[in-house]
Amino acid sequence: MTTSTNGTFDRRPLIAGNWKMNLDHVQGITFLQKLAWTLDDAGHDHSRVEVSVFPPFTDLRGVQTLVKGDDLEVVFGGQDLSPKDSGAYTGDISGQFLNRLGCTYVLVGHSERRTIHSETDEVLNEKVHAAYRHNLVPVLCVGEGLEVRQAGGHVEHTLEQLRRGVAGLESARAADLVVAYEPVWAIGTGEVAGPGDAQEMCAAIRAELGTIFDTETAAKVRLLYGGSVKAASAASILRERDVDGVLVGGASLDVAEFASIVRFEQHLVTD
Ligand code: 13P
């Protein structure tokens, strides 16, 4: 990420915690309260760095009540949404419901959805459109598996997921899109892509967005890196020019660790 001459970031960094299928509705509330206290104690400036959590669906009502009631500056989102708005789709959750629960964001195409639930780029594209229909900002997740990386096809593979994911979007809508580059081989494995790898892919994604939309739009889109991010590795990744945030799995379940990632600017100064 780059900063302007006045010290503000060109794009507001987003530190996002994907809880996956962890923390029930009671644990989720306790966690969020502790996170808010920890960030308050540290004097965190939310206007500089945005914090979002992605709890399980069953936590969202409690999270909404806490965030509203205590006026927390944390935002939140769903981990998935249906491509449909309503109807006979047992087990699915409409973007309309997420919007009513105060969600800002929704994850689309996390690699665990692509793999475990066989979600295709075509379905994910429908989900991206569904998110916008309900005033949710999609966080479109893209990234290659180990075999693709080893064969050197990671950039093309990831850009193809991107192109298919955003097909049919208008530039005006795309400016607030978030894209998360999560190499599958780095998720939950302890293997972190190096800052150079994250930058290489994020630069390629931004250039591709410039081609799909226009350079002005591409310059506004926030690009996250995800995959085994920890407090110790976050700052060096976030220092890269085209990386505007991180999507954190395991380390987002530890208050101190996640708060430390949110406060990555401290490490930028001391590194
Ligand atoms: P880990 O940080 O546990 O590797 O998970 C990354 C991820 O999948 C975030 O969406």
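Whatever comes next refers back to the structure up there.
The following paragraphs examine the structure supplied in this document. It should be emphasised that the depicted structure is a prediction, and the values quoted were computed from it without experimental measurement.

## Considering the sheet that holds strand β5 (residues 137-142)
- One closed barrel holds the 8 strands; their spatial order is β1-β2-β3-β4-β5-β6-β7-β8, and the pairing between them is parallel. Across the sheet, the mean angle separating the axes of adjacent strands is 25° when strand polarity is ignored.
- Sheet strands touched by helix α9 (residues 195-212): β5, β6 (178-181) and β7 (222-226). Its angle to β7, the strand with the most contacts, is close to 150°.

## What about the site of the ligand?
- Lining the immediate surroundings of the ligand are 13 residues, of which K20, H110, G188, S228 and G250 lie closest.
- In the environment of the ligand, an oxygen atom lies 2.8 Å from a nitrogen or oxygen atom belonging to the side chain of K20.
- Within the contact set of the ligand, an oxygen atom lies 2.8 Å away from a side-chain nitrogen or oxygen of H110.
- Protein chains shield 96% of the accessible area of the ligand, which is 310 Å² for the free molecule.
- Among the residues forming the shell around the ligand, the class breakdown is 4 nonpolar, 7 polar and 2 charged.

## As for the environment of W37
- By the element assignment, W37 lies in helix α1 (residues 25-41).
- The exposure class assigned to W37 is exposed, which follows from its relative accessible area of 55%.
- Residues W37 and V255 lie 218 residues apart in sequence; the distance between their C-alpha atoms is 9.9 Å.

## Section: the pairing of strand β8 (residues 245-248)
- Side chains G245 and L247 of β8 all project onto a buried face; the interleaved residues V246 and V248 project onto the opposite face, where all are buried too.
- Strand direction decides the pairing type here: strand β1 (residues 14-18) and β8, joined by 4 bridges, are parallel. Bridge pairing in β8 links A16 to L247.
- Bridge count for β7 against β8 is 3 bridges, and the pairing is parallel. The residue bridging L224 from the neighbouring strand is G245, located in β8.
- For the crossover from β7 across helix α11 (residues 231-238) to β8, the handedness is right-handed.

## As for α11
- Judged by how many residues are buried, α11 sits mostly within the fold: 6 of 8 residues are covered.
- Among the residues of α11, those classed as buried are A231, S233, A234, A235, I237 and L238.

## Quick look at the pattern of salt bridges
- Using the criterion set out here, one finds 20 salt bridges in the structure.
- Where R11 meets D244, a salt bridge forms, and the shortest distance between an N and an O atom there is 2.9 Å. Pair noted here: R11 is in the segment before β1 and D244 is in the loop between α11 and β8, with a separation of 233 residues, a long-range link.
- Relative accessible area serves as the criterion here: at 12%, R11 is assigned to the buried category.
- Taking the relative accessible area as the measure of exposure, D244 reaches 1% and is therefore buried.
- Here D80 and K127 are joined by a salt bridge, their closest N and O atoms 2.8 Å apart. Separated by 47 residues along the polypeptide, D80 in the loop between β3 (75-78) and α3 (95-100) and K127 in helix α5 (residues 121-133) bring together distant segments of the chain.

## Focus on the side chain of Q79
- Tracing the backbone through its elements, the reader meets Q79 in the loop between β3 and α3.
- A polar side-chain atom of Q79 sits 2.9 Å from the main-chain carbonyl oxygen of K20.
- Within polar-contact distance, the side chain of Q79 engages the backbone oxygen of P55 at 3.4 Å.
- Setting aside residues no more than four positions away along its own chain, Q79 makes contact with N18, W19, K20, F54, P55, P56, F57 and L107.

## Considerations on the packing of aromatic side chains
- Overall, the coordinates contain 3 aromatic pairs when judged by the stated rule.
- Their ring planes at 75° and their centres at 5.3 Å tell us that W19 and F31 sit as a pair that is edge-to-face. Linking W19 in the loop between β1 and α1 with F31 in helix α1, this pair joins segments that are 12 residues apart in sequence. The same class applies to W19 and to F31, which are both buried.
- Ring geometry for F54 against Y105: centres 6.4 Å apart, planes inclined by 45°, an arrangement best described as tilted. Of the two residues, F54 is situated in strand β2 (residues 50-54) and Y105 in strand β4 (residues 105-108); the sequence distance between them amounts to 51 residues. Residue F54 shares its accessibility class with Y105, and that shared class is buried.

## Quick word on the side chain of S252
- Secondary-structure assignment places S252 in the loop between β8 and α12 (255-262).
- Here the side chain of S252 touches V248 through a polar contact of 3.3 Å, landing on its backbone oxygen.
- If we skip the residues at most four places from it in the chain, S252 touches G17, N18, W19, F31 and F258.

Criteria and cut-off values
Residues numbered from 1 in each chain as written. Predicted model: local features only at pLDDT ≥ 70, side-chain atom pairs only at ≥ 80, totals over all residues. Heavy atoms only, no water. Pairing = 2+ DSSP bridges. Helix = DSSP H or I, 4+ residues; strand = E, 2+ residues; numbered from the N terminus. Axes fitted to C-alpha atoms, helices over the stretch in contact; angles between N-to-C directions. Contact = heavy atoms within 4.5 Å. Near = heavy atom within 4 Å. Polar contact = N/O pair within 3.5 Å; in protein donor to acceptor, adjacent residues only side chain to side chain. Areas by Shrake-Rupley, 256 points an atom, 1.4 Å probe, with all protein chains shown as cover. Nonpolar A, V, L, I, M, F, W, Y, C, P; charged D, E, K, R; others polar. Buried < 20%, exposed > 50% of the residue type's maximum accessible area, 1.4 Å probe, protein only. Right-handed = clockwise from strand over helix to strand, strands pointing away. Salt bridge = Lys/Arg side-chain N within 4 Å of Asp/Glu carboxyl O. Phe/Tyr/Trp six-rings, centres within 6.5 Å; stacked < 30°, edge-to-face > 60°.

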